[in-house]
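# Summary of structural features
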Amino acid sequence: MPEKPIFSLRGIGVDYQTPAGVVTGVDDVSLDVPARGMTVLAGPSGSGKSTLLRVLGLFEQPARGTLTFQGADVRKLKHRERRALRRHHLGLVFQNPADNLLGYLTVAENLHAAAEAAGTECNAEDILGQLGLHGTGGWKITALSGGQQQRLAFGCVLAARSTVILADEPTSQLDEASADLVLDTLRYLVDQDFAVLAASHDERLIDLGSRVARLHKGALEGVEERELPA
Ligand SMILES: Nc1ncnc2c1ncn2[C@@H]1O[C@H](COP(=O)(O)OP(=O)(O)OP(=O)(O)O)[C@@H](O)[C@H]1O
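Numbering of residues begins from 1 in every chain and follows the order in which that chain's sequence is written. It should be noted that, the model being predicted, local features are given only for residues of pLDDT at least 70 and side-chain atom pairs only at 80 or more, the latter also being counted only at that level, while totals for whole chains, interfaces and linings use all residues. Water and hydrogen atoms were dropped before computing side-chain values, which therefore reflect all heavy atoms in the structure.

You'll find the protein entered in an unreviewed UniProt entry as Putative ABC transport system ATP-binding protein, with Amycolatopsis tolypomycina given as the organism.

The structure is reproduced here in structure tokens:
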């Protein structure tokens, strides 16, 4: 029997109230996110990728539809349960590396802080080794390149032992060499059997997706399943 999806969205709609009237961010989106592998939300600017990620990250309450996480209807969770779900299961990585890290802490301290916030413990050197950042534990964040900072942001997700990784345009603020570091990290996380959901319009990142959901003007245009080379 196929594994159950980690997230299931049915008929999800999000509206924004603006001075010019109601703007629909996403409209009637139904999608399953598998418990392993990489799902990419692709689409042009304004197509609803970030809005959908905010719904999945529990930052946005949809006006319509149902969202389940591991089979549980998220709307029925109490405030405390939602917070616990976010802390223990959802690892978020935003597009700007500096937004993902605490600049006043060292590299290793960032990992420990992420673990502590999630109620876990981590071996910082081991995680840094896994991400090609061996020996940087005592460094300031600013001593890392943008790509290395994004790698560390994914390291914080490893430290927190999140179940699913939600990444919003993780390569969009990086030069090509730095973006390569992030693409390698995503490949590694997928190999480690994480569920990764990334919003992007970077074709190289989209190519890593085993499931690509294409959005246009807030609506789902289609979902492509792909066999990736081993
Ligand atoms: N806070 C907000 N207030 C009003 N409208 C919003 C808000 N956030 C998003 N929108 C609107 O919702 C729609 C979807 O936006 P969203 O940011 O989700 O798209 P996106 O695909 O992530 O775009 P980008 O690639 O530029 O980040 C757009 O029309 C946008 O203007």
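## A short note on helix α6 (residues 176-191)
Quick note on the threshold: Strands are runs of DSSP state E lasting at least two residues, helices are runs of H or I lasting at least four, and both sets are numbered from the N terminus onward. A helix is expected to span 1.5 Å multiplied by its residue count minus one. The buried label applies to any residue whose accessible area, calculated with a 1.4 Å probe on protein chains only, is under 20% of its type's maximum; exposed applies above 50%, and partly exposed to all values in between. This arc corresponds to the set of directions leading from the helix axis out to the C-beta atoms. Note on contacts: a residue pair qualifies if any of its non-hydrogen atoms lie within 4.5 Å across the two residues. Within 3.5 Å is the distance limit for a polar contact, defined as a pair of N or O atoms, with the added protein rule that one can donate a hydrogen and the other accept it, and that residues adjacent in sequence qualify only through two side-chain atoms.
Here α6 contains 16 residues, and its C-alpha end-to-end distance of 22 Å stays within 8% of the 22 Å for a straight helix at 1.5 Å per residue. Of the residues making up α6, those classed as buried are S178, A179, V182, L183, T185, L186 and L189. Take α6 and look down its axis: the buried residues cluster within an arc of 160°, on one side only. Facing away from the buried surface of α6 by more than 90 degrees, the exposed residues are E176, A177 and D191. On the buried face of α6, the contacting elements are β3 (37-42), α5 (146-160), β7 (164-168), β8 (195-200) and α7 (203-206). Between a side-chain oxygen at the N-terminus of α6 and the backbone nitrogen of A177 the separation is 3.2 Å; the capping residue is D175.

## Some remarks on the pattern of salt bridges
Worth spelling out the cut-off: A pairing counts as a salt bridge when a side-chain nitrogen of Lys or Arg comes within 4 Å of a carboxyl oxygen of Asp or Glu.
According to the stated counting rule, one finds 11 salt bridges in the structure shown. A salt bridge links D184 to R151, with the shortest nitrogen-to-oxygen separation between them at 4.0 Å. Of this pair, D184 sits in helix α6 while R151 sits in helix α5, and the two are 33 residues apart along the sequence. Note that R204 is salt-bridged to D180, the shortest N-O span being 2.5 Å. Residue R204 is located in helix α7, and its partner D180 is located in helix α6; the two are separated by 24 residues in the primary sequence.

## Some thoughts on the environment of V223
By the element assignment, V223 lies in strand β10 (residues 219-225). Sequence-wise, V223 and V212 are 11 residues apart; in three dimensions their C-alpha atoms are separated by 5.6 Å. Not counting residues up to four positions away in its chain, the partners in contact with V223 are L31, R211, V212 and A213.

## So, the confidence of the model for the protein
Stated precisely, the cut-off is as follows: Residue-level confidence of the predictor is summarised by pLDDT, bounded by 0 at the bottom and 100 at the top.
Across the protein, the average pLDDT comes to 93, with 98% of residues at 70 or higher. Confidence, read as mean pLDDT per element, is least for α6 in the protein (90) and greatest for helix α3 (residues 107-117) (97). Overall fold confidence for the complex sits at a pTM of 0.92, while the interface term, ipTM, reaches 0.96.

## Let's talk about the site of the ligand
The condition is simple: Working definition: residue near molecule or strand if any one of its non-hydrogen atoms lies within 4 Å of it. For accessible areas, the Shrake-Rupley method is used with a probe of radius 1.4 Å. Any residue's cover is judged against the shown protein chains and nothing else. We call Asp, Glu, Lys and Arg charged. Ala, Val, Leu, Ile, Met, Phe, Trp, Tyr, Cys and Pro are nonpolar, and the rest, Gly among them, are polar.
Taken together, 15 residues are adjacent to the ligand, and S45, G46, K49, S50 and T51 come closest. At 2.5 Å, a side-chain N or O of S45 approaches an oxygen atom of the ligand. Separating a nitrogen atom of the ligand from a side-chain N or O atom of R54 is a distance of 3.5 Å. A total of 630 Å² of accessible area belongs to the ligand in isolation, and the protein chains cover 64% of it. Listing elements by their share of the shell around the ligand, those giving two or more residues are β1 (7-18), β2 (21-33) and α1 (49-56). Considering each element in turn, the shell around the ligand owes the most residues, 4 residues, to α1. Among the residues making up the shell around the ligand, the classes are represented as 3 nonpolar, 9 polar and 3 charged.

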